[in-house]
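Read off the chains here:
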Amino acid sequence: MTKRVELYRDQSKSVYTSGNEQRLIFHFRNDAFAFDEPGSEQLDRLGEVNNKFNYFIMCKLESAGIATQIDRLLSDRETLVRRLDMIPLECVVRNVAAGSLCRRLGVKEGTDLSPPTFELFLKNDVLHDPMVNESLCESLGFATPAQLSEIKAQTYKVNTVLSQLFDDAGMLLVDYKLEFGIDSEGKLFLGDEFTPESCRLWDKETRVKLDKDRFRLGADGIITSYIEVARRIGLDLSEH
Ligand code: C5P
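- Per an unreviewed UniProt entry, the chain carries the name Phosphoribosylaminoimidazole-succinocarboxamide synthase and comes from Veronia nyctiphanis.
- The annotation that UniProt attaches to the chain under Pathway (unreviewed entry) is "Purine metabolism; IMP biosynthesis via de novo pathway; 5-amino-1-(5-phospho-D-ribosyl)imidazole-4-carboxamide from 5-amino-1-(5-phospho-D-ribosyl)imidazole-4-carboxylate: step 1/2."

The following block contains the structure:
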C-alpha cells in the first residue's frame, strides 16, 4: 500500500490517498504544536507513539462494539483507515473540569462534572473552532438530528469504555475530543484519532498531568510520559 496524494493535514498527521478508493492512509508526523497556532517543534518518536497508541485504543473501542475508521497498522507511523466523509464537528466529553471549560466559565480546575458534559465545536481554523449546539448543527446542516443523536450516544459509550480502561491503570480520563464521519453507504464511524494529544489524562493519586498539557505548560518528558501511559494500559512502546 503506497501513499499517493496528500489530501489534508492536521496538527498531528497527514492524510493520503492509498490507491484504493475506500481507504486512506494516516501518516502521523513528529510535529508538536502547543496551541492552535502555527509553529511546531519536532519531537523524536512522537509520530510512532501517537500512531500505535491510536491503533491500540481504536481496537479496544472496536472490541466494545464501536465502529471505527481503523483498518490496519501499515508501519510505525502509518495506519490504513476507511475513507469517510467527515462531519465538521469536534465532540468533547468532560469528566473533570480543565482547559477551555475553566477559562470560559470560571470553574476551578479539577472540579468533578457529574454527569459528564458533552460539547460540540465547529471545526473551523479561521474561526478557532467555535462552540455550537445541536440546534445550530441542524439548522446549518453540519449534521442531521439522527446523526447527532448517534454521535452523542457513541461519544458517551467511548467514555464508559475508556474511563474504565484508564481507571484500571491508575489514571483519570479528564476529557477528550472525538470526530465522526460517514462512509459511502451512510454508516457512521468514529474517525480521526484518540491519542494523548486529544485527551487529558491525570494520575489518579497525584493528579500529575500525563497528556499534551505537559507540552502546553512547557514541561519536558512528553514522549516518556506518553510511553508510560501506554505501558500502564498494556501497550509496550519502549524501544527494544
Ligand atoms: O481545550 P479544551 O479544554 O476545550 O479541550 C478539551 C479536550 O479536547 C482536550 O482533551 C483537548 O486535548 C481536546 N481537543 C483536541 N483538539 C482540539 C480541541 C480540543 O484534541 N482542536
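Structure shown, so let's carry the discussion forward.
## Some words on the nonpolar core
Here's step 1: In this structure, Phe53, Ile57, Leu89, Leu162, Phe166, Phe194 and Ile233 are the most contacted members of the largest nonpolar core, which totals 56 residues.
Here's step 2: With seven residues, helix α1 (residues 46-63) is the single largest residue contributor to this core.
Here's step 3: Counting only domains with at least three residues in this core, you end up with domain 1 (6-82) and domain 2 (85-221).

## Regarding the site of the ligand
Here's step 1: Neighbouring the ligand are 15 residues, the closest being Arg94, Ser100, Asp175, Cys199 and Arg200.
Here's step 2: A distance of 3.2 Å separates a nitrogen atom of the ligand from a polar side-chain atom of Glu90.
Here's step 3: The separation between an oxygen atom of the ligand and a polar side-chain atom of Ser100 is 2.6 Å.
Here's step 4: Alone, the ligand offers 460 Å² of accessible surface; in the complex the protein occludes 79% of this.
Here's step 5: Elements represented by at least two residues in the shell around the ligand include exactly β9 (89-96), α2 (99-105), β12 (171-182) and β14 (199-203).
Here's step 6: A per-class count over the shell around the ligand returns four nonpolar, three polar and eight charged.

## What to know about the packing of aromatic side chains
Here's step 1: Evaluated as defined, the whole model comprises four aromatic pairs.
Here's step 2: Centre to centre, the rings of Phe26 and Phe28 are 6.2 Å apart; their planes meet at 80 degrees, and the pair counts as edge-to-face. As far as the burial class goes, Phe26 and Phe28 line up, both buried.
Here's step 3: Plain terms: the ring middles of Phe166 and Phe194 are 6.4 Å apart, the flat faces sit at 20 degrees to each other, and that makes the pair stacked. Highlighted residues: Phe166 in helix α4 (residues 145-168) and Phe194 in the loop between β13 (188-191) and β14, separated in sequence by 28 residues. For the pair Phe166 and Phe194, a shared accessibility class is recorded, and that class is buried.

## Considering the pattern of salt bridges
Here's step 1: Scanning all chains against the criterion turns up 26 salt bridges.
Here's step 2: One salt bridge connects Asp213 with Arg216, and the closest N-O pair in it is separated by 2.6 Å. Of this pair, Asp213 and Arg216 both sit in helix α5 (residues 213-216), separated by three residues, roughly a single helical turn.
Here's step 3: Here the salt bridges do not stand alone but share partners, grouping Asp10, Lys13, Glu90, Lys123, Lys177, Glu179, Asp192 and Glu193 into one network.

Definitions and cut-offs
- Residues numbered from 1 in each chain as written.
- Predicted model: local features only at pLDDT ≥ 70, side-chain atom pairs only at ≥ 80, totals over all residues.
- Heavy atoms only, no water.
- UniProt positions renumbered as here; feature names shortened; annotations may be inferred.
- Core = buried A, V, L, I, M, F, W, Y, C linked by side-chain atoms within 4.5 Å.
- Buried < 20%, exposed > 50% of the residue type's maximum accessible area, 1.4 Å probe, protein only.
- Helix = DSSP H or I, 4+ residues; strand = E, 2+ residues; numbered from the N terminus.
- Domains from an automatic or database assignment.
- Near = heavy atom within 4 Å.
- Polar contact = N/O pair within 3.5 Å; in protein donor to acceptor, adjacent residues only side chain to side chain.
- Areas by Shrake-Rupley, 256 points an atom, 1.4 Å probe, with all protein chains shown as cover.
- Nonpolar A, V, L, I, M, F, W, Y, C, P; charged D, E, K, R; others polar.
- Phe/Tyr/Trp six-rings, centres within 6.5 Å; stacked < 30°, edge-to-face > 60°.
- Salt bridge = Lys/Arg side-chain N within 4 Å of Asp/Glu carboxyl O.

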